[in-house]
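Report on the structure
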Amino acid sequence: MMKALGGVMIVAVSLWLGFKGMSWYRRRCRVLSELIYAISRMEAELSGRETETAELLKLLGRGESETAWLFRACYDDMEELEERPFREIWLEKLNESRLPLKGEERETVERLGHVLGRYDSQLQTRLLGGLRCELEELLSVAREESAREGKSALTVSGCIGLLLVLLLM
Amino acid sequence: MDRASAVREAISVLPKPIRFQLMSQSREEQGRWEEIRLRAGRGLFTADSSGRETRVSSGPQSVIVEEETLRQTLELATRASLQGLNEKLASGFLPLPGGHRLGICGTAAVREGRTISFRNLSSLNLRIACPVEGAGLEVLPRLVEAGKFQSTLILAPPGEGKTTLLRDLIRLLGREGIRTGLVDERGEVAALRGGVPQLDVGPLVDIMDGCSKGEGLTLLLRAMAPQVLAVDEITAPEDALALTQGANCGVHVLATAHGGSMEELRRRSLYRPLLEQKVFRRLVTISRRDGRRTYQVERMT
């Protein structure tokens with residue numbers, strides 16, 4: 001009886017780990033989508049009414065999503081501009097946010113801090129458009145990875161669990 | 001507000017190390033500053049009313065001014081928002097809270113013949129605004145006839161206080177219950193920031209900035225029904241045309257122009273239609289005597 005219970009527990013734990021791996025991929029896709037949406041809103045705001053950076057951050061910081069936290073945190077730290085440039089504030093908050101991003105994705109989001117507020121609205125909109133396109137490409141790659149790797153993470157962890165059970169029995 | 005307090009307000013846009021260095025100077029010293037200049041690779045300077053520049057603390061403790069320092073100052077002054085400031089950048093300065101101004105110099109990035117940004121910054125000039133209230137007190141009564149304000153042209157060479165007098169007259173007109181429409185093309189009269197004038201122009205003023213004078217005057221006439229139309233420095237035929245149109249609509253006009261005398265003005269083709277159509281009824285000229293400004297008011301016939 002105890003052996004059977006232990007076996008079930010091992011399989012359950014390994015499946016849970018598999019689901020966690022799968023959800024990381026899904027979360028990454030969601031965060032990328034949110035960032036793409038945020039950038040398109042920035043583009044619309046900048047080309048429509050040349051909205052100030054602080055107001056943009058405040059606008060995008062509304063809500064409970066992970067990316068909203070990043071924008072809100074940057075807005076809260078705008079007072080520190082007298083000590084350090086905006087790109088450093090952006091980088092620090094991006095690191096603190098622990099968004100599930102891979103190397104190239106993170107680099108692209110980092111560059112947002114070098115664009116915001118540094119140029120006239122026309123050039124900023126164009127540069128933001130470039131960043132959005134890059135993120136859109138990265139999102140399609142991430143979606144493919146999510147479908148492929150997510151399922152395999154679940155399968156592999158499930159198999160490992162079963163193997164462990166067999167070995168231990 | 002005294003000059004030292006204005007200096008303390010103005011330097012809030014400077015990065016902390018520079019601000020500390022300036023704050024460490026005596027209040028008496030600060031009261032003499034009209035400008036604070038930052039030059040990349042050369043240092044920090046202050047200029048007094050005579051234009052004489054003094055390097056701030058050139059000892060080992062002095063702050064090193066680099067291009068990055070200038071970038072940081074610009075970022076701080078714009079709150080990391082260069083968007084929407086194209087017009088101001090093109091004119092070479094940014095308006096700051098309190099009516100102070102930040103002049104910019106460097107390698108300009110030009111698009112379609114207009115400066116849109118700066119690739120490199122070489123120097124910044126923080127010009128401290130310290131409004132002189134009361135300049136118009138002795139002038140305004142002489143601009144009123146039968147209880148009505150008469151259209152007036154303020155004439156003086158650059159730096160003699162035309163804009164200061166214009167601003168004070170607008171403020172005083174507001175106090176008399178007269179509604180003024182002001183076109184502040186370069187943001188020097190009211191220094192709008194976030195829709196709020198940074199310099200005291202009184203409560204009864206409707207301000208248009210960021211557009212040409214001609215366009216602004218037409219919009220004000222259409223939308224705000226002003227009793228007086230005010231404009232700083234007539235520089236283009238369109239400005240003169242819009243002022244003439246305003247005067248023909250029964251609105252009084254108040255404007256400034258560069259020039260030493262009426263004769264000089266008559267010789268310039270730009271002002272000829274305004275003078276021929278008798279748009280102005282009063283002429284105010286400004287001159288300096290013993291370091292003090294004096295105002296002469298003449299009837300224009």
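Described in the following lines is the structure provided in the data block. Predicted, not measured: the structure shown is a model, and the values here were computed from it. (Residues numbered from 1 in each chain as written. Chains lettered and ligands numbered in written order. Predicted model: local features only at pLDDT ≥ 70, side-chain atom pairs only at ≥ 80, totals over all residues. Heavy atoms only, no water.)

Considering the overall build of chain A
Using the following cut-off: Helix and strand definitions here come from DSSP, where helices need a minimum of 4 consecutive H or I residues and strands a minimum of 2 consecutive E residues; each element is numbered from the N-terminal end. Between the two quantities, the radius of gyration covers C-alpha atoms and the globule rule is 2.2 Å times the number of residues to the power 0.38. Each residue's exposure class comes from its accessible area (1.4 Å probe, protein chains only) as a fraction of the maximum for that residue type: buried when under 20%, exposed when over 50%, partly exposed otherwise. To be clear on the numbers: accessible area is Shrake-Rupley with a 1.4 Å probe, and residue cover counts the displayed protein chains and nothing else.
Each helix and strand counted, chain A has 6 helices and 0 strands in total. What you see for chain A is a C-alpha radius of gyration of 21 Å, clearly larger than the 15 Å of a compact globule of 169 residues, by over 25%. If one aligns the C-alpha atoms of chain A with their principal axes, the spans along those axes are about 70 × 30 × 25 Å. Residues classed as buried in chain A amount to 43% of the 169 residues present. In the form shown here, chain A has an accessible surface area of approximately 9,300 Å², with 59% of it arising from carbon and sulfur atoms.

With respect to the overall build of chain B
The condition is simple: Note on definitions: a residue-residue contact is assigned when non-hydrogen atoms from the two residues lie within 4.5 Å. The positive count covers Lys and Arg only, the negative count covers Asp and Glu only, and His and the chain ends enter neither. Lysine's charge is taken at NZ, arginine's at CZ, aspartate's at CG and glutamate's at CD.
Across its full length, chain B carries 10 helices and 17 strands. Whereas a compact globule of 301 residues would reach a radius of gyration of roughly 19 Å, chain B reaches 20 Å, a difference of no more than 12%. Taken along its principal axes, the extent of the C-alpha atoms in chain B is 65 × 45 × 35 Å. Taking all contacts inside chain B whose residues are at least 6 apart in sequence as the whole, residues at least 24 apart take part in 62%. Of the roughly 13,800 Å² of accessible surface on chain B, a fraction of 48% belongs to carbon and sulfur atoms. Here chain B carries 42 positive and 36 negative side-chain charges, and the mean point of each set is 1 Å from the other.

Thoughts on the pattern of salt bridges
Stated precisely, the cut-off is as follows: Salt bridges are defined as contacts in which a side-chain nitrogen from Lys or Arg sits within 4 Å of a carboxyl oxygen from Asp or Glu.
Scanning the entire structure with this criterion turns up 38 salt bridges over all chains. With a shortest N-O distance of 3.7 Å, Arg87 of chain A and Glu68 of chain B are connected by a salt bridge. Of the two residues, Arg87 of chain A sits in helix H4 (residues 86-97) while Glu68 of chain B sits in helix H4 (residues 67-77), which places them in two different chains. Looking at Arg87 of chain A, the relative accessible area reads 23%, which means it is partly exposed. In this structure, Arg39 of chain B and Glu53 of chain B form a salt bridge, with 2.9 Å as the shortest nitrogen-oxygen distance. In this pair, Arg39 of chain B is assigned in strand S1 (residues 35-39) and Glu53 of chain B in strand S3 (residues 53-55), connecting sequence segments 14 residues apart.

Brief notes about the nonpolar core
Residue and element names in this part refer to chain A. Rule in force here: Buried residues of nine kinds, namely Ala, Val, Leu, Ile, Met, Phe, Trp, Tyr and Cys, make up a nonpolar core once their side-chain atoms join them within 4.5 Å.
Among the nonpolar cores identified, the biggest contains 36 residues, and Met42, Phe71, Phe86, Trp90 and Leu135 are the most heavily contacted of them. Of all elements in the fold, only helix H1 (2-49), helix H2 (53-60), helix H3 (66-76), H4, helix H5 (103-115) and helix H6 (121-168) reach the threshold of two or more residues within this core. The element best represented in this core is H1, accounting for 9 residues. In this view, Leu135 contacts Leu32, Leu35, Ile36, Ile39, Glu105, Thr108 and Val109; residues no more than four positions away in its chain are not counted.

Some details on the interface of chain B and chain A
Applied cut-off: A quick way to say it: buried area is the sum, across both parts, of accessible area lost when two parts are put together, with a 1.4 Å probe. Definition of a polar contact: a pair of N or O atoms within 3.5 Å, with one able to donate and the other able to accept a hydrogen when the atoms are protein atoms, and with sequence-neighbouring residues admitted only if both atoms are side-chain atoms. Side-chain classes follow a simple rule in which Ala, Val, Leu, Ile, Met, Phe, Trp, Tyr, Cys and Pro form the nonpolar group, Asp, Glu, Lys and Arg form the charged group, and the remainder, Gly included, forms the polar group.
Counting from both sides, the interface comprises 18 residues of chain B and, opposite them, 25 residues of chain A. Regarding the contact of chain B and chain A, the summed buried area is about 1,800 Å², with carbon and sulfur atoms giving 41% of it. Interface area lost by chain B to chain A is led by Arg79, Gln83 and Arg111 of chain B, which between them contribute 34%. The interface formed by chain B and chain A holds 4 salt bridges in total. When the shortest N-O distance is used, the salt bridge between Glu79 of chain A and Arg79 of chain B registers 3.8 Å. Taken together, the connections running from chain B to chain A amount to 11 residue pairs in polar contact (both at pLDDT 80 or more). Going through the elements one at a time, helix H2 (16-23), H4 and strand S6 (114-127) of chain B are the ones with two or more residues in the side of chain B that touches chain A. Per element, the largest residue contribution to the side of chain B that touches chain A is 5 residues, and it comes from H4 of chain B. Of the residues contributing to the side of chain B that touches chain A, the split by class is 5 nonpolar, 6 polar and 7 charged.

Observations concerning the packing of aromatic side chains
The cut-off we apply is this: Two rings from Phe, Tyr or Trp (for Trp, the six-membered ring) form a pair when their centres sit within 6.5 Å of each other. Planes less than 30 degrees apart are called stacked, planes more than 60 degrees apart edge-to-face, and all others tilted. The rule is short: NZ of Lys or CZ of Arg within 6 Å of the ring centre and within 35 degrees of the ring normal puts a charge over the ring.
For the coordinates displayed, the defined rule picks out 2 aromatic pairs over all chains. Ring geometry for Trp24 of chain A and Tyr25 of chain A: centres 5.4 Å apart, planes at 90°, overall edge-to-face. With a relative accessible area of 30%, Trp24 of chain A lands in the partly exposed category. Centroid distance Phe71 of chain A to Trp90 of chain A: 5.8 Å. Interplanar angle 40°. Geometry classified as tilted. On the criterion of sequence distance, the pair formed by Phe71 of chain A in helix H3 and Trp90 of chain A in helix H4 is long-range, its members being 19 residues apart. We classify Phe71 of chain A as buried; its relative accessible area is 1%. Residue classification places Trp90 of chain A among the buried positions, given a relative accessible area of 0%. For the cation-ring pair, Arg39 of chain B lies above Phe45 of chain B, with the distance from its terminal atom to the ring centre recorded as 5.0 Å.

A look at unusual backbone geometry
Even without glycine at this site, Glu50 of chain A takes up a positive phi of about 50°. Position of Glu50 of chain A among the secondary structure elements: in the loop between H1 and H2. One non-glycine residue, Ala146 of chain B, lies in the positive phi region at around 50°. Checked against the element boundaries, Ala146 of chain B lands in the loop between strand S7 (144-145) and strand S8 (148-149).

Looking at the side chain of Glu105 of chain A
Mapping Glu105 of chain A onto the fold places it in helix H5. Within the structure, the side chain of Glu105 of chain A is placed 2.7 Å from the backbone nitrogen of Lys102 of chain A, a separation counted as a polar contact.

Regarding the sheet that holds strand S9 (residues 152-156) of chain B
All names here are of chain B. To keep things clear, this is the line we draw: A strand pair is defined by DSSP finding two or more bridges across the two strands. Angular values range over 0 to 180 degrees, each being the angle between N-to-C directions of two axes fitted as lines to C-alpha atoms, with helices fitted over their stretch in contact.
Ordered in space as S13-S10-S14-S15-S9-S16-S17, the 7 strands form an open sheet in which the pairing is mixed. Looking at the sheet topology across the chains shown, the edges are occupied by strand S13 (205-208) and strand S17 (292-299). Shown here is a sheet whose adjacent strand axes are inclined to one another by a mean of 20°, direction ignored. Of the pairings in the sheet, the one linking S9 to strand S15 (residues 252-258) comprises 5 bridges and is parallel in character. Considered in S15, the bridge of Leu153 is made with Ala255. On top of the sheet, helix H6 (residues 162-175) reaches S9, strand S10 (180-183), S13, strand S14 (228-231), S15, strand S16 (282-289) and S17; it is set at about 165° to S15, its chief contact.

Overview of the pairing of strand S5 (residues 101-111) of chain B
Residue and element names in this part refer to chain B. Two elements, strand S4 (residues 93-95) and S5, share 3 bridges in a ladder whose sense is antiparallel. Residue Pro95 lies in a different strand from S5, and its bridge partner there is Arg101. Linkage of S4 to S5, two consecutive antiparallel strands, is achieved through a turn of 5 residues, within which Gly98 is found at a positive phi near 90°.

Notes on helix H1 (residues 3-10) of chain B
What counts, and what does not: Working note: the arc is built from the helix axis to C-beta atom directions.
Within H1 of chain B, the full set of buried residues consists of Arg3, Ala4, Ala6, Val7 and Ala10 of chain B. End-on, the buried residues of H1 of chain B take up no more than an arc of 160°, which puts them together on one face.

What to know about the state of the cysteines
Put simply, the rule is: In what follows, a disulfide is any cysteine sulfur pair within 2.5 Å.
In this structure the tally under the stated criterion is 0 disulfides over all chains. Cys29 of chain A supplies the cysteine sulfur nearest to Cys133 of chain A, a cysteine that is in no disulfide, at a spacing of 18 Å.

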